[in-house]
Amino acid sequence: MSMHVHVFVFLTLAIFSATPSMSQSQTAASCNGIFVSYVYTGGERLPPNVSDATQQPYRFESRLTVLNNGLQELKSWKVFVGFQHSEWLVSASNAVLADGTSLPGAVGNGTVLSGSTVRDLKTAVATAGDLTQMQVQVDMVGSLLGVAPPSVPMPRSVNLTNDGFVCGQPFGEGSNETHVCCTSDPSSRTNTSTEEEFLPREKGDLSITYDIIRTYDSNYWAEVTIANNNPLGRLDNWRLSWDWQNDEFIYTTKGAYPLKVDSSDCVFGSQGNFYKELDFSNVLNCERRPTIVDLPPSRFNDSELGHIPFCCRNGTILPPTMDPSMSASRFQMQVFKMPPNLNRSTLAPPHNWEIKGTLNPHYECGNPIRVSPTQSPDPTHSPSNKSSIATWQVVCNITNTNRETRKCCVSFSAYYNESVVPCNTCACGCPSNPERTCSATSQAMLLPPEALLVPFENRTQKAVSWAEIKHLPVPNPMPCGDNCGVSINWHVATDYRKGWTARVTLFNWGETSFADWFAAVEMDKAAKGFEEVYSFNGSLLKSVENTIFVQGKEGLNFLVAETDGSNPRKDPRVPGKQQSVISFTKKETPGINVAGGDGFPSKVFFNGEECSLPSVLPSSVARTEVSLPTMMFFLILLSIFFMS
């Protein structure tokens, strides 16, 4: 073989090995699973120009590719992209953020992307190698900090996050591409078999199902059900929002109503141009992100708006532990579609779901996943079940709330100490006004028991006088109040050989009364000894460890708002108040030290909201437990001694 032939062969091999598309194609072809690649395609400097190079913003463009080379269909693909340069993602074609948040959004700690228009990836066998059904490509545009071209801001990792898959070691191609091959994990057990058409329903604190119950070429009827699954979760005056993906609009509703009734966006938009014969004065809402609210109970029997099971409760959804029949809410709506989706079978749910309420935990909702159609009893043929046409599920979970966002607090007191440990300073936040003359960091001052009955602004003199009596320091400036709408006092009332009791008092300092209130008390060492709540309904929960659940009895389940005193000119306002004694036995909790701290809760919830607890407990001296008869005997002896 001549020298020229050797050179030609060498150059040919070099050219093909240096071609990125050929290299990527060969790598994808060698993956007998899910091939995931991330390619940085370009970027440029963005204003403003800053002196600190690490804070200089840059634009980036990239492409994520997910290709199914396996033997089973990939349902609802999800890919983690490990962004690490303070990235801000502005847009992503064919994908949404899996945690349900909207774009633009911060993704600098990494994010999970899931499919929007293309959710499921079929196999080559099922499609004869049709890449449009096997593959999805996500073109991303965003900004980042501190990585100037020609340096390439690559993520630290990319991998498939669907259950039942294991990913190998990522490989790089040059400086701007990384890829990984993920295959089925034989040791992983999932709830989905390869024969199932839909994903299994997921569990969460709150579940929202979006059922298509009737469909036509230009519109469909959807039934939305909000189900509370958390034993301590609750929603009051719920507001449900989402984003339409294809310019849909709400024509009419039953069981709920849009917060804003306005069709102007349709009249002056593409909807008005297309539906020229439609009377838009009857259209309820044309917002891209509508907000739906519940109707009052008086609307339940309304022939036009009511007659929907679980509707019309003023937005109240109780925990299933309290009342299963009140733990769900439902409404229906007629949704009009836009081209090119004008056929009966083209159906897509909205995205970016969000649900809020008053005095409730904060929920984060995921993206809708396609699940098996909902089966419900057929009202016209009682032995039969009626199936929805299509169903999607959105799962929302309670997130940890910050100290500043809490709305209730707890004070501690005990029979062995005359002082009350009040709610923490700024337990529910502090005013930010510059005229504030109180300290947001000083520890709350100990109080006499009667001070709990008056508003915080009227406690100053009592707190100062009590400090003088007990020889306690008085901070300057004085500590700020707790600023909580609801406060709960936990008082250890008695402690004897066979048992002990506590008294719980609820105070409502707000202007809103609470119907069907409930509270939950977590007691790590004492809960197993729970016996009875005397003025409330109470039980030891099985679904939440070491937690006692209490609620008002029928006729006493209304915690009224704060009211004026008997003489408004001189008397302070009076809080709404509910009180009961809780008894415990020591038979199930041997070795419990009630006075040493075991008699106080580790967590307290009011209407689903976790309350702020004091950082200290009432102090106690060493005590010797005695039985109740022995205590009475000593009291009799003492009285005889004084009479002699």
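Going by the structure above, here's the rest.
Residues numbered from 1 in each chain as written. Predicted model: local features only at pLDDT ≥ 70, side-chain atom pairs only at ≥ 80, totals over all residues. Heavy atoms only, no water.

What should I look at first to understand the sheet that holds strand β18 (residues 291-294) in this one?
Hydrogen bonds between backbone atoms are what pair the strands of a sheet, whose relative direction is either parallel or antiparallel. Across the sheet, four strands lie side by side as β17-β18-β15-β20; this open sheet has antiparallel pairing. For this open sheet the edge positions go to β17 (256-258) and β20 (351-356), each flanked by a neighbour on one side alone. In this sheet, adjacent strand axes meet at a mean angle of 25 degrees when their direction is disregarded. (Pairing = 2+ DSSP bridges. Helix = DSSP H or I, 4+ residues; strand = E, 2+ residues; numbered from the N terminus. Axes fitted to C-alpha atoms, helices over the stretch in contact; angles between N-to-C directions.)

How should I be thinking about the side chain of S114 in this particular structure?
Along the chain, S114 turns up in strand β7 (residues 111-115). What makes S114 buried here is its relative accessible area of 7%. At a separation of 3.2 Å, a polar atom in the side chain of S114 contacts the side chain of N367. If we skip the residues at most four places from it in the chain, S114 touches W77, K78, N94, A95, V96, A98 and N367. (Buried < 20%, exposed > 50% of the residue type's maximum accessible area, 1.4 Å probe, protein only. Polar contact = N/O pair within 3.5 Å; in protein donor to acceptor, adjacent residues only side chain to side chain. Contact = heavy atoms within 4.5 Å.)

I tried to follow the sheet that holds strand β34 (residues 547-552) on my own but got confused; where do I start?
Across the sheet, which stays open at both edges, the five strands sit in the order β33-β34-β31-β37-β38 with antiparallel pairing between neighbours. Only two strands of the sheet have a single partner each, and these edge strands are β33 (536-540) and β38 (609-610). For β33 and β34, the ladder comprises five bridges, and the chain directions are antiparallel. Opposite G538, over in β34, you have V550 as the bridge partner.

Teacher, can you tell me more about unusual backbone geometry here?
Residue P48 follows P47 across a cis peptide bond; omega there is 5 degrees. Among the structural elements, P48 can be located in the loop between β1 (34-45) and β2 (57-68). Of note, the bond from P339 into P340 is cis; its omega dihedral lies within 30 degrees of zero at 10 degrees. Structurally, P340 is set in the loop between β19 (328-336) and β20. For N237, which is not glycine, the phi torsion reads 50 degrees and is therefore positive. One can find N237 in the loop between β14 (219-228) and β15 (239-243). Although it is not a glycine, N352 sits at a positive phi angle of roughly 55 degrees. By secondary structure assignment, the location of N352 is in strand β20. N352 gets classed as buried once you look at its relative accessible area, which sits at 10%.

I tried to follow the packing of aromatic side chains on my own but got confused; where do I start?
The geometry of an aromatic ring pair is captured by two quantities: the separation of the ring centres and the angle between the planes. Within the structure shown, the criterion is met by 21 aromatic pairs. Centroid distance F60 to F83: 6.0 Å. Interplanar angle 50 degrees. Geometry classified as tilted. Remark: F83 occurs in the loop between β3 (78-81) and β4 (88-92) and F60 occurs in strand β2; sequence separation between them is 23 residues. What makes F83 buried here is its relative accessible area of 1%. On the basis of an interplanar angle of 50 degrees and a centroid distance of 4.8 Å, the ring pair of F412 and F600 is categorised as tilted. Highlighted residues: F412 in strand β26 (residues 408-414) and F600 in the loop between α8 (594-598) and β37 (603-606), separated in sequence by 188 residues. Taken as a pair, F412 and F600 share a single burial class, namely buried. Following the ring pairs from residue to residue traces out a cluster consisting of F249, Y251, F274, Y275, F280 and F336. Between R370 and the ring centre of W392, over which it is positioned, the NZ or CZ distance is 5.0 Å. (Phe/Tyr/Trp six-rings, centres within 6.5 Å; stacked < 30°, edge-to-face > 60°. Lys NZ or Arg CZ within 6 Å of the ring centre and 35° of its normal.)

Looking at this structure, how should I read the state of the cysteines?
Cysteine pairs can be linked by a disulfide, which is a covalent bond between their two sulfur atoms. Applying the stated rule across the entire model yields ten disulfides. Shown here is the disulfide that connects C167 with C182, its sulfur atoms set 2.0 Å apart. Handedness here is read from the sign of the S-S torsion; for C167 and C182, about 100 degrees, the answer is right-handed. In this pair, C167 sits in strand β10 (residues 165-167) while C182 sits in strand β12 (residues 177-184), placing the two residues 15 residues apart along the sequence. One disulfide in the model links C428 with C484; its S-S distance is 1.9 Å. The sign of the S-S torsion, about 95 degrees, decides the handedness of the disulfide formed by C428 and C484: right-handed. With C428 in the loop between β27 (417-421) and α7 (460-469) and C484 in the loop between α7 and β28 (486-495), this pair connects stretches of sequence that are 56 residues apart. (Disulfide = S-S within 2.5 Å.)

Looking at this model, I keep getting lost on the pattern of salt bridges. Mind explaining?
Pairing of side chains with opposite charge becomes possible as their charged atoms draw close. If you walk through the whole model with that rule in mind, you get 16 salt bridges. E73 is the partner of K122 in a salt bridge, and the nearest nitrogen-oxygen pair spans 3.8 Å. Here the residue K122 occupies a position in the loop between β7 and α3 (124-127), and E73 occupies one in the loop between β2 and β3, the gap between them amounting to 49 residues. The partner of D236 in a salt bridge is R234, and the shortest N-O contact between them spans 2.8 Å. By sharing partners, the salt bridges in this structure join D243, R288, R289, E354 and K356 into a single network. (Salt bridge = Lys/Arg side-chain N within 4 Å of Asp/Glu carboxyl O.)

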